[in-house]
Amino acid sequence: MDHAPIEVLAALVGHLLPGLPASSLRTLAAIGRDERPAPGTFLMREGRPTLDLGLIAGGRLAVRDRLGADDVTLMTLDAGDVFGWSAVLDGVSTASIVALDGARVLLFERAALLSLLAADPLLAVVLYRRLLEGVASRLDATRLLMRDVYAGGRAS
Amino acid sequence: MLAASAPREAARHRPRIGVVKFASCDGCQLTLLDLEDDLLAIADRVDIVEFAEATSRRSSGPYDILFVEGSISTPEQAADIVRLRAATTTLVTIGACATSGGIQALRNWSDHDAVRSLVYPRPDYIESLATATPIADHVSVDAELRGCPISPDQLREFVTATLVGRRPNLPDEAVCAECKRRGVVCVAVADGVTCLGPVTRSGCGALCPAYGRGCYGCFGPREAANGPGLALWLERTNDVTDIARAFALINAWAPPFRRVIDGAGGPPGPIDQAPPKESPDA
Amino acid sequence: MTAALPPVADAAAGAFLPRAGLGRLLAALRADGCTVVGPTIRDGAVVYAEIADAAELPAGWQAASAPGTYRLDATGRDRAFDYGIAVTAWKRFTHPPRVPLTTTTDDGLVTSVEPDVPRMAFIGVRACELAALDIQERVLRAGPAGDMDHAARRAASLVVAVECAVAMSTCFCTSMGTGPEVSEGADIVLAELDDGFTIRALTPAGERIVATLELGEATAGQIRAAAEQVAAVRVSIGDPVPTDGLAERLRAAPEHPRWDEVAERCLACTNCTLVCPTCFCTSVGVSSDLDGTTGTTERTWDSCFTLGFGRVAGDANFRPRVADRYRQWLTHKFSTWWDQFGSTGCVGCGRCITWCPVGIDIREELLAIAPPGAPPAPVPWPPSPAAGHAPAPLGTVDPARYVPVDVTAVRRETADSMTLSFATDDQGLLASRAGQFVMVACATQAVPPISISRIREDGLDLTIRNVGPATAALTASQAGDRVSLRGPLGRPWPVESAHGGDVVIVGGGIGLAPLRPVIDEVLRERHRFGVVRIYLGARTPHDRLFVAEMAALSGRTDLELEEIVDRGGPEWLGRVGVVTQLFERAAWTGGRTTAFVCGPDRMMQATARTLATRGVAPERTWVTLERNMACGVGLCGHCQLGPYFVCRDGPVFSVAELGDTFTVEGR
């Protein structure tokens, strides 16, 4: 697996998590892995331990669920999105994440990340805020879809 | 709705129409016969395959449009309506009995067995349900024509619109709107008459208020019918029993009216407390 | 009847008509060719109806009115005009409850019914009623196309006002600034004294009538007595509803708990609106013969208290709750009417109080919801539409003018939508602009508003989703069929305002249809715009419109096009989610961007929020609203939204113009 030099990783992280001081960037980059999973690779499986928190640096991922015999894509994620937030919660994935074309992800191992977050409040503030944004945006999307469900396809 | 999606198809296809009845007085079916010349024109364009009041032809379906009169009052009727629904594309309830249970739904508040023994010398011969209920309590209903009896104008409009694939113009507004358009002076405000017009669906052309009578709600509750709101106002000048009596008539079992009746502890003068016929002094 | 003129002659300003001469006045009016309509007693109440003789006037009767009650009491005097006001408003004669409009034949031709208008004289018109006639006139002539029937009726009417000598308990004209004194708006003004009337003419038409009566001058005492009488009425009414700041106070209270409370008492029966002398809302009903060869339309009084009033295609409804409807009515009367027409919408006649069958008193409601006193917190209120770009030009569209057009091609877009192409050489239709819509009439169906999805040199495209019988009939059209179009209507997208800047186009589902002319226009003059970004959402891949065309666009290098669907399928390789995901973390910022957005309300709200975070100004974020647009020219009232009629002032609005009307539910 390719490992970019820490400076490259730090620059990428800085781009994806704006507002982090340089010191936090370097410590975070130090535990990060820069990976380009092949299409179809499962980065996470529903109900299994969440090993990493992920930031999408490029390409696209799919949030998948199984409905009977079918794998259903509930949502796709693009560059800038975060995934695997259960890594900082109970550590159990609530959905499956599959790489699609051209995916490039930065992964941060759960235990190392949790110790960093405990030690670096500034990092914690920026990262948790980013996670909150991600959760809020997905809840917003879900709410729009839920309206559709309740409205039974009616307008507005 | 039949042919709603394509008037062209309606032109090609002669719809099969049936008229059936359950617990009811036949008055709504007679409205169909009252259309007279219009009925002949309609009959030119459809096949009336079942209509006991008018023809001896009988059909077990299928029906493109089935007009259903009456409420479900016996176990046999409850089974029949399910069978008819399965054979029907557009099921239309006609009249208060089919739509809300009708006047016979007043028995829903009483002790069914007691009433049966009061009315029939051999109640064990009578097989009936404890309640008289609207068709929609048993099967899905596609359209309703309200009233006791239904309005010939609304019936004509429904049939015409359906034949040409148009949405029938059956407003879901209060009788008041018709009173005001006609210029009828409000009998509730000017005469203090108890009038259910504000909570009753239009369609009659404000018939009763035009003759100085309060609306007695024969078209049943309109959309957003605020029965309790009207009852609250009537309480200023009426006692609770009077108010319940006003609502406990032809559409008593319709939920917005039922709420008012239940709020008053049921319809006034329950029939199971009436003296038995054989022993007037009992 | 037009704006009042000053008194034309001193004699006419102060003549005296003895009581016995009242019959001569009526005769003079009839001799002038008028049917005389005035107060008379029917079914225990005073109504306005045709009267043949002065003896039919309600002499000796006075009305006792209170919330929800009305009674006539004998006065023991022979005065004819002490009855207060009649049940009926004069609108019964100037804006009748039923008016036939059109006949449509199955060859798609629409014929308008010409107004058949009698010449009428109204006698007994009160000051508040004069104000109401004036207000309705302003509303129904506001355009872009005035109400022809109403205009004809007003032009053919002569107004004889009578000053009030008695107030009813429900009167509050003094608060609304409409009475009790008559100052203008009538042809002739009477003031009733015990032995007769002072009479003055305010217009040449009135002067002509008065001159034929050959009356003597009123004495100074008679004139003074008349003035004292009406002054006493003013004192007895007082000022029940202080209106200072009322419009603003109401505007600040869209979520007051009293709306829900009054909705528990309100029966939404429509009485208040139908007795109101200014309420003007109507609906158009369609009827047809059994074969569907001929359809006729009729306009009838309607009310914002009915459920159907706020209903749009697919049975969605913008004002499902009674509280929504009550708020709509009250805020329109006392607040947004000012924004729309520059006047109050209430004249204080009190009819809605008397004839409410549960006695709801708007004076009380107003005092509870918008109490006088402390000024309300300032509420950001949208600027008037004129502050943005102009509404559709006035006078170009005859509301009754339908143009027959031929269907030249039909193309299926999705399982439930079709694009119909029409050919026409009608210059009006060909001058359509992006964002405008047309009313589409076919034989026996209701007439739905359909937005234009392409403007061609030789015609128009309409993309129609089958959501009910009328759209079902349209989507079943075939090449060679003929329908009639009325339009173009509404305010277009301000595409030129984006010149020199970037463009973002966001479409949800069928919402792409009214946006396609924007795309066409932008591409036609591509050099005038910076970066062009198109973001499209749909429920499923099968619900996407113009699939091949959009695929071709996405291959172009001079624009960006991204698509997303709510629910993909195994065959869908694109993005899945909601449309805002396409740009919520995009690299661009929107300082010089103009956005054009169309889709379901919620989608547009979410899009507007996300665009704001990207820096697109609300003044440059344009949405197009769906409402119940029945007349298309601001006359029927169905699509009223805050200070706007969506059909006339929109359907295109900037998010800044809409303010909280965009987000408060039930508006």
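As the structure is a prediction and not an experimental result, all values here were calculated from the model. (Residues numbered from 1 in each chain as written. Chains lettered and ligands numbered in written order. Predicted model: local features only at pLDDT ≥ 70, side-chain atom pairs only at ≥ 80, totals over all residues.)

Participant: Where do I start with the overall build of chain B in this structure?
Facilitator: Broken down by element type, chain B carries 13 helices and five strands. The C-alpha radius of gyration of chain B comes to 20 Å, within 12% of the 19 Å expected for a compact globule of 282 residues. For chain B, the spread of C-alpha atoms along the three principal axes comes to 65 × 55 × 30 Å. Every one of the 282 residues in chain B was classed for burial, and the buried ones make up 50%. Sequence-distant contacts, at least 24 apart, represent 72% of the contacts inside chain B between residues at least 6 apart. (Helix = DSSP H or I, 4+ residues; strand = E, 2+ residues; numbered from the N terminus. Rg over C-alpha atoms; globule rule 2.2 N^0.38 Å. Buried ≥ 20, exposed ≤ 12 C-beta atoms within 10 Å, placed from the backbone. Contact = placed C-beta atoms within 7 Å.)

Participant: What exactly am I supposed to notice about the interface of chain C and chain A here?
Facilitator: Interfaces are frequently sized by the accessible area removed from exposure as the parts join. The interface is formed by 21 residues belonging to chain C together with 16 residues belonging to chain A. Those elements that place two or more of their residues in the side of chain C that touches chain A are strand S26 (575-576) and helix H19 (601-613) of chain C. Counted by class, the side of chain C that touches chain A contains nine nonpolar, four polar and eight charged residues. (Nonpolar A, V, L, I, M, F, W, Y, C, P; charged D, E, K, R; others polar.)

Participant: For this particular structure, what's the right way to read the environment of Gly179 of chain C?
Facilitator: Residue and element names in this part refer to chain C. By the element assignment, Gly179 lies in the loop between helix H6 (173-176) and strand S10 (188-193). Judged by the 27 C-beta atoms lying within 10 Å of it, Gly179 is buried. For the pair Gly179 and Glu129, spaced 50 residues apart in the sequence, the C-alpha separation amounts to 9.0 Å. Ignoring anything within four residues of it in the chain, the contact list for Gly179 reads Arg126, Ala127, Cys128, Cys164 and Cys173.

Participant: Where do I start with unusual backbone geometry in this structure?
Facilitator: Outside of glycine, negative phi angles account for most residues, and trans bonds account for most peptide bonds. Omega for the bond connecting Cys148 of chain B with Pro149 of chain B falls within 30 degrees of zero, at 0°, which places this linkage in the cis form. Considering the arrangement of structural elements, one finds Pro149 of chain B in the loop between strand S5 (143-145) and helix H7 (152-164). The amide bond that connects Gly179 of chain C to the next residue, Pro180 of chain C, takes the cis arrangement and shows omega of 5°. Turning to its location among the elements, Pro180 of chain C is positioned in the loop between H6 and S10. The backbone of Ala268 of chain C sits at a positive phi, close to 50°, despite the residue not being glycine.

Participant: Help me out: how do you make sense of the pairing of strand S2 (residues 35-42) of chain C in this one?
Facilitator: Regular strands place side chains that alternate from one sheet face to the opposite one. Residues and elements named next belong to chain C. Looking at chain direction, S2 and strand S8 (residues 120-125) are connected through three bridges and run parallel. Bridging from a neighbouring strand, Thr35 pairs with Met120 of S8. Adjacent in sequence and paired antiparallel, S2 and strand S3 (residues 45-50) are bridged by two residues, among which Asp43 carries a positive phi angle near 50°. (Pairing = 2+ DSSP bridges.)

Participant: Explain the packing of helix H11 (residues 227-234) of chain B against helix H13 (residues 255-263) of chain B here, please?
Facilitator: When two helices pack together, their arrangement is captured by the angle between the axes and the distance separating the axes. Residue and element names in this part refer to chain B. For the pair H11 and H13, interaxial distance at closest approach is 8 Å and the crossing angle is 45°. The orientation of H11 with respect to H13, classified from their angle, is oblique. Here Gly227, Pro228 and Ala231 of H11 come into contact with H13, specifically with Pro256, Phe257, Arg259, Val260 and Gly263. Taken together, the residues that form the contact of H11 with H13 break down as five nonpolar, two polar and one charged. (Axes fitted to C-alpha atoms, helices over the stretch in contact; angles between N-to-C directions. Parallel < 35°, antiparallel > 145°, perpendicular 65-115°, else oblique.)

Participant: Looking at this model, I keep getting lost on the arrangement of the chains. Mind explaining?
Facilitator: For the two pairs of chains in contact, the maximum contact count is reached by chains B and C. You won't find any contact between chain A and chain B; their C-alpha atoms come no closer than 18 Å.

Participant: Looking at this structure, how should I read the nonpolar core?
Facilitator: Burial of nonpolar side chains together is a common tendency in soluble globular proteins. The biggest cluster of nonpolar side chains holds 315 residues, and the ones touching the most others in it are Leu61 of chain A together with Ala121, Phe122, Val160, Ala161, Ala186 and Val440 of chain C. For this core, the element with the highest residue contribution is helix H4 (residues 127-140) of chain C, accounting for nine residues. Look past the residues within four positions of Ala186 of chain C in its chain and what remains in contact with it is Val125, Leu130, Val159, Val160, Ala161 and Leu202 of chain C. (Core = buried A, V, L, I, M, F, W, Y, C linked by C-beta atoms within 7 Å.)

Participant: Explain the sheet that holds strand S14 (residues 294-301) of chain C here, please?
Facilitator: All names here are of chain C. With respect to topology, four strands assemble into an open sheet ordered S7-S6-S14-S13, the strand pairing being antiparallel. If you trace the sheet from one side to the other, it starts and ends with strand S7 (110-112) and strand S13 (282-288), each paired once. Each neighbouring strand pair of the sheet contributes to a mean axis angle of 25°, computed without reference to strand direction. With seven bridges connecting them, strand S6 (residues 98-105) and S14 associate as antiparallel partners. Directly across from Thr104, in S14, lies its bridge partner Gly295.

Participant: Honestly, the interface of chain B and chain C in this entry has me stumped. Any pointers?
Facilitator: Counting residues at the interface gives 41 residues for chain B, matched by 49 residues for chain C. Those elements that place two or more of their residues in the side of chain B that touches chain C are helix H1 (7-12), helix H3 (37-45), H7, helix H8 (175-182), helix H9 (187-191) and H11 of chain B.

Participant: What is the right way to read the sheet that holds strand S3 (residues 63-69) of chain B from this model?
Facilitator: Hydrogen bonds between backbone groups are what pair the strands of a sheet, and the pairing can be parallel or antiparallel. Residues and elements named next belong to chain B. As summarised here, the arrangement of the five strands in space is S2-S1-S3-S4-S5, forming an open sheet in which the pairing is parallel. Each edge of the open sheet carries a strand with a single partner, namely strand S2 (47-51) and S5. On average, adjacent strands in this sheet sit at an angle of 20° to one another, irrespective of strand direction. Here strand S1 (residues 16-21) pairs with S3 via five bridges, running parallel. Within S3, the residue paired with Ile17 across the bridge is Ile65. Against the sheet, helix H2 (residues 27-34) touches S1, S3 and strand S4 (88-94), its axis set at about 145° to S1.

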